[in-house]
Every structure is written in C-alpha cells, then in structure tokens.
Amino acid sequence: MNGIDRLVAGIAPDPGPGASPLAAELMEEITAQPVPPRTVFSWRRRFVAPALALMTVVLAVGLGQTPAAAALDIDRVGDHYVITVNDLFADPRVYESELRARGLRITLKLAPTSASLARSILVINDSERLRAGHQVPGKGPVTTIEAPGPCERFGGCPTGLKVPINYDKSAEIILGRRAQPGERYTLPPGIAMPGEPLHCVNYVNKSVAEVTAMLRARDVEPEFTSYGAPRSTPDAPAGWYVHDGVMSADGRALLLTGPRPRPGPQKAVCS
C-alpha cells in the first residue's frame, strides 16, 4: 500500500484547514452588521442577496483549491521546446496528453532506479527508424540539457529536454524515477558508480566470498548470475570470480560471476 499512498499523496491536493483568516474576518464583519427593526424587508432585499453573493466569493477564496499543476513544464524558447518533469509519479497518460497538446509524438516512460540515477534521462530519437535499425539511440534532434557545474555520472547530468518546435517524428524518453520501497530497478546503476556502495572499490576479479562480505558490510544483499544462466540465484560458488555487478533494488545487488577471472586490467574508476 505504500506505493498507492505515495501516488495518491502526489496527486491529491491538500484540502486545507478551512476558511482562511481573512475569509473568517470578513464573514464575521458581514454577520455582525446591526439591522433596524423597521427596515427588515428592505434589508433582506437590498443587503441579504449581495451579502450572500459576497459570502459565496469569500468561501470560494478561503476554501477553494488551486488548479493541479501540470505534470510537465513545457516552455517555448526560440525554435525549441524546453521540457522538464514536475511530477515523477504522474500517470504516463498525463505526460502523453501534455506532449500531444504541443503536437509532439514523444513517449515518456519512468524507470525506477536508485538515488544516484534519479532524474537521469535517456533519449531514443525517432523510435520508428530505430526499430528498423537505421539510427543510433541518443543521436538526433531531441537532446538533453545538462545541469551546470561538474557531473560525476557517466551519462551526464541532464535537467531537461530540448525539442525542435517542428519535430514531427516519434521519440522515446526514459527518465529515472526514485524507486519506492520494495520496487526493483528497471534502470539499474553499476555497483561502482558514484553514489553506489562499491564506488572507488576494486571489486572485479575478487572472489564471490570477498565481494559478498564487502556488500553486506554496506547493508547490501547480493544475488548472482553467470554467463548462460537462465535466472539469478541467492548464492554462487564462494571461489568464483565477480566480473561485474549492478544494483537491482534498494539494498540488493546482482553480480555476474564466473569460474575464471575476467581478462584484462580491472582497476576501479574513481572520480
């Protein structure tokens, strides 16, 4: 239920505490006006209706809810749209609707991932041609906008998308979203990437037993696979070698193992 609760919290506006102080003060002033006995009928005709109308406006201001914010922020800058995501837990159909309203045939998909890859963006331009094998992912008119300053991520640190106004092809955007408790990653980071448990650690070609101990010391439980294995397993031969690894969920890692060391130099990249 945690996932449902979080989604609901993201889309349901706060009902608020009731009338605002200003609304309550104005309501009290209206209802406190003295009414002379001989002018009851006149008061009813000349004051009650306007007062009720004013009270309706006051209640609307004090109790009303502001319109829901757009899931996407789409600004026109010159001959491009600049697009950023406001709500990472919106229904994908909402993204599609907002993009289609600008004439853009872009599909935006959210991929659960770790904190280190949250809001990372992968762009597959002109997905129809890509499926036909005629284009390289990420090379095309739809581009990412990089955050200013240094970036430790291998794929960059994008903050948004830049799309030509007249873009009439299709593209697919994959955006990293912080995984919820118990949710497996569909955009898995390497275990040695910045922000991940074995960053700056030389773990490749160490034994399964050694790497398992390293991960458990960091509150990460490993599972294992090997070349040609149909599925992962909770254990592997302790003397086998670890060739690679990714985070598969919060506190869980998937290690690629083999009976022989991985060839070539395997020093950790540490930034």
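Rules used in this analysis
Residues numbered from 1 in each chain as written. Predicted model: local features only at pLDDT ≥ 70, side-chain atom pairs only at ≥ 80, totals over all residues. Heavy atoms only, no water. Salt bridge = Lys/Arg side-chain N within 4 Å of Asp/Glu carboxyl O. Buried < 20%, exposed > 50% of the residue type's maximum accessible area, 1.4 Å probe, protein only. Core = buried A, V, L, I, M, F, W, Y, C linked by side-chain atoms within 4.5 Å. Helix = DSSP H or I, 4+ residues; strand = E, 2+ residues; numbered from the N terminus. Contact = heavy atoms within 4.5 Å. pLDDT = per-residue confidence, 0-100. Arc of directions from axis to C-beta. Pairing = 2+ DSSP bridges. Axes fitted to C-alpha atoms, helices over the stretch in contact; angles between N-to-C directions.

*Asks:* Any details on the pattern of salt bridges? Residues and values, ideally.
*Replies:* In a structure, side chains of opposite charge can pair up when their charged atoms sit close to one another. What the rule picks out here adds up to eight salt bridges. Residue Glu183 pairs with Arg177 through a salt bridge whose shortest N-O separation is 2.9 Å. For Glu183, a relative accessible area of 23% gives the class partly exposed.

*Asks:* I'd like a description of the nonpolar core, backed by residues and values.
*Replies:* Counting residues in each nonpolar core, the largest one holds 23 residues, and the members touching the most others are Ile83, Leu104, Ile106, Val142, Leu161, Val163 and Ile173. Of all the secondary-structure elements, those providing two or more residues to this core are strand 1 (72-77), strand 2 (80-85), helix 4 (92-100), strand 3 (105-113), strand 4 (121-124), strand 6 (158-164) and strand 7 (170-178). With residues near it in sequence (within four places) discarded, Ile106 still touches Leu99, Arg100, Val163, Tyr167, Ala171 and Ile173.

*Asks:* I'd like a rundown of the confidence of the model for the chain, residues and numbers included.
*Replies:* Here the chain averages 75 in pLDDT, while 68% of its residues score no lower than 70. This model gives residues 1-33 a pLDDT under 50, and the stretch forms 24 contacts once residues within four places in sequence are excluded.

*Asks:* If you had to explain helix 6 (residues 208-217) to someone new, which residues and values would you point to?
*Replies:* Every buried residue of helix 6 is listed here: Val208, Val211, Thr212, Met214 and Leu215. One face of helix 6 carries all of its buried residues, which in axial projection span an arc of 160 degrees. Where helix 6 is buried, its residues contact strand 8 (221-226), strand 9 (241-249) and strand 10 (252-258).

*Asks:* Tell me about unusual backbone geometry, and name the residues and values.
*Replies:* Of note in the backbone geometry, Cys200 takes a positive phi value of approximately 70 degrees without being a glycine. By the element assignment, Cys200 lies in the loop between strand 7 and helix 6. The phi torsion at Asn205 lies on the positive side, around 75 degrees, for a residue other than glycine. Examined against the element boundaries, Asn205 turns out to sit in the loop between strand 7 and helix 6. Among the residues examined, Asn205 registers a relative accessible area of 21% and is labelled partly exposed.

*Asks:* Describe helix 4, naming the residues involved and giving the relevant values.
*Replies:* Residues Tyr95, Glu98 and Leu99 constitute the buried set of helix 4. The arc enclosing the buried residues of helix 4, seen along the axis, measures out at 100 degrees, which places them on a common side. Elements in contact with the buried residues of helix 4: strand 1, strand 2 and strand 3.

*Asks:* Please provide a residue-by-residue account of the sheet that holds strand 9, values included.
*Replies:* Neighbouring strands of a sheet are bound in pairs by backbone hydrogen bonds; such pairs are parallel or else antiparallel. Here three strands make up an open sheet; going across it, the order is 8-10-9 and the pairing mixed. The sheet is open, and its two edges are formed by strand 8 and strand 9, each paired on a single side. Looking at each pair of strands side by side, their axes are set apart by 30 degrees on average, direction ignored. This element, helix 6, spans strand 8, strand 9 and strand 10 of the sheet and lies at about 150 degrees to strand 8.

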